[in-house]
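Structure at a glance
Read off the chains here:
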Amino acid sequence: MVPTVALAKESAPGKQMTDMAPSARSAILMDADSGTVIYEKNSNAALPPASITKIMTMLLIMEAIDEGRLKLTDKVQTSEFAASMGGSQIFLESGEEMTVEEMLKGVALASGNDASVALAEKLGGSEEQFVVMMNEKARQLGMTNTKFVNCNGLPAEGHVSSAKDIALMSRELLKYEGITKYTGLYQDYLRKDSSKPFWLVNTNKLVRFYHGADGLKTGFTSEAKFCLSATARRENMRLIAVVMGEPNTKTRNAEVSHMFDYAFAQYTNVPIYKKGDPIGTLSVEKGKVNKVPLEAKYSYSVLLKKGDAGKGIRHELMLDPSIKAPIEIGQPIGKLVVYRGSEVLTEFPVESPVSVARAGWWTLLRRTTGQLFLSE
């Protein structure tokens, strides 16, 4: 879902909201659960994202693991091309094998360009095909100011994204809750029991020094300057802050910390449903099954100012009345609309949790006959 509700936008020069990230070329602060934008500054500007690109790489890997197309224990063999990557790396050698999980750590902590390409080749067959997958996912997420040229963010003509787009893909990645097991680590080892152990230290120092921070990805090139997509969770609220074009790491971390401090002090999350909660039933006309129970795919909540929480909040499940079999898994079937009074606060898309085939004529006949008897 593309966030549509902004609680705080840029103010006139000199006001508090403008000064939240004064050194950044662009910035955004978002509530991860609802997608509500709390603050933004030039958030649609298309800029080089550097290694923040790897959020999309990690997203496609986590998606493949979730769908069973990849396992954390699968072996990934390093190609000569992957091993040739410059910049930040975990110094993979051509032919070297690591598990998907080890490669993922190499991307999440050390921002390994070589590990990113090795994973891309494992899932996509080639980096070029993986980049096609990246751009298709970006299109699905509504990332209108993004074009990926590679999977690691090394400088390339036309390789751009925006703070808002980065927040969108960060939010999507965070739906795979296991990712913070890696992005939230401060340090770890690769090849620990070998003759060439490699010490990983997270490039995102906020995971050590900011309470609640557990990701996501830093970035730097001479063109992009210092970039960061950061996330932090306290109690029931998770935030995403993105800054691009910062002059140095100290300023980058300070401005993101300030954004987090502001939101944690001013706002709270009002839960609507927890992940797995029943939310309703879909009636499927002419389906092999005629009713599908629906559950919350993720945690659904709304962001409100502290002291205003919960007053007059209601929600309504609005399903498409024209839905007929066959239905594909993941097919949009409606939305969950959250109101305060008559005002729409936010909307969550609802998708079919299963595929429903069209019923055969005999099943439809028995169903119709049964209804006739029941009506007598």
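Scroll up a little and you will see the structure.
First things first, this report covers the structure right here in the doc. Note that the structure is predicted; figures quoted are calculated from it, not measured.

The next thing to look at is the packing of helix H3 (residues 100-108) against helix H4 (residues 113-124). The contact between H3 and H4 brings their axes to 8 Å, and the two run at 140°. Comparing their axes, H4 and H3 come out oblique. Crossing hand, H3 versus H4: left-handed. Contact with H3, carried on its side by Val 100, Met 103, Leu 104, Gly 106 and Val 107, involves Ala 115, Ser 116, Ala 118 and Leu 119 of H4 and no other residues of that element. Of the residues assigned to the contact of H3 with H4, the class counts are 7 nonpolar, 2 polar and no charged.

Put simply, the largest pocket is a space of about 1600 Å³. In the lining of the largest pocket, the residues fall into 20 nonpolar, 9 polar and 16 charged. Size it by volume and the second largest pocket reaches roughly 220 Å³. Around the second largest pocket sit 18 residues that line it, and Ser 51, Ser 88, Ser 111, Gly 219 and Phe 220 are the ones nearest its centre. For the lining of the second largest pocket, the secondary-structure elements that each account for two or more residues are strand S7 (213-221) and helix H9 (249-266). In terms of residue count, S7 provides more of the lining of the second largest pocket than any other element does, 4 residues in total. Counted by class, the lining of the second largest pocket contains 5 nonpolar, 12 polar and 1 charged residues.

What follows covers the sheet that holds strand S16 (residues 343-351). Pairing in this open sheet of 3 strands is antiparallel, and the strands run S14-S15-S16 from one edge to the other. Two strands close off the open sheet at either side, each with one partner strand: strand S14 (313-319) and S16. Ignoring which end each strand starts from, the neighbouring axes of this sheet average 20° apart. In terms of strand pairing, S14 meets strand S15 (residues 332-340) through 7 bridges, oriented antiparallel. Pairing of Arg 314 across the sheet is with Tyr 339, part of S15.

To continue, consider the nonpolar core. One finds Met 56, Ile 90 and Met 169 to be the most contacted residues of the largest nonpolar core, which totals 62 residues. Elements represented by at least two residues in this core include exactly strand S1 (26-31), helix H1 (54-66), H3, H4, helix H5 (127-140), helix H6 (163-174), strand S6 (198-201) and strand S9 (237-246). A total of 8 residues in this core trace back to one element, the largest contributor, which is H1. Excluding its chain neighbours within four sequence positions, the residues that come into contact with Met 169 are Ile 52, Ile 55, Met 56, Leu 59, Leu 141, Met 143 and Phe 148. In terms of nonpolar packing, the next biggest core, distinct from the first, is built from 25 residues, Ala 24, Ala 213, Ala 230 and Val 256 among them.

Moving on to the pattern of salt bridges. The tally for this structure, following the rule as stated, stands at 13 salt bridges. The closest approach of N and O atoms between Glu 67 and Arg 69, which form a salt bridge, is 2.9 Å. Note that Lys 335 and Glu 347 form a salt bridge whose closest N and O atoms lie 3.6 Å from each other. Pair noted here: Lys 335 is in strand S15 and Glu 347 is in strand S16, with a separation of 12 residues, a long-range link. For Glu 347, a relative accessible area of 31% corresponds to the partly exposed category. Here the salt bridges do not stand alone but share partners, grouping Glu 63, Glu 67, Arg 69 and Lys 137 into one network.

Calculation rules
Residues numbered from 1 in each chain as written. Predicted model: local features only at pLDDT ≥ 70, side-chain atom pairs only at ≥ 80, totals over all residues. Heavy atoms only, no water. Axes fitted to C-alpha atoms, helices over the stretch in contact; angles between N-to-C directions. Helix = DSSP H or I, 4+ residues; strand = E, 2+ residues; numbered from the N terminus. Parallel < 35°, antiparallel > 145°, perpendicular 65-115°, else oblique. Left-handed = near helix turned anticlockwise from the far one by under 90°. Contact = heavy atoms within 4.5 Å. Nonpolar A, V, L, I, M, F, W, Y, C, P; charged D, E, K, R; others polar. 1 Å grid on protein atoms, 1.4 Å probe; cavity = no way out; pocket = protein on both sides within 12 Å on 5 of 7 lines; lining within 4 Å. Points joined across faces, edges and corners; volume = space filled by probe spheres on them. Pairing = 2+ DSSP bridges. Core = buried A, V, L, I, M, F, W, Y, C linked by side-chain atoms within 4.5 Å. Buried < 20%, exposed > 50% of the residue type's maximum accessible area, 1.4 Å probe, protein only. Salt bridge = Lys/Arg side-chain N within 4 Å of Asp/Glu carboxyl O.

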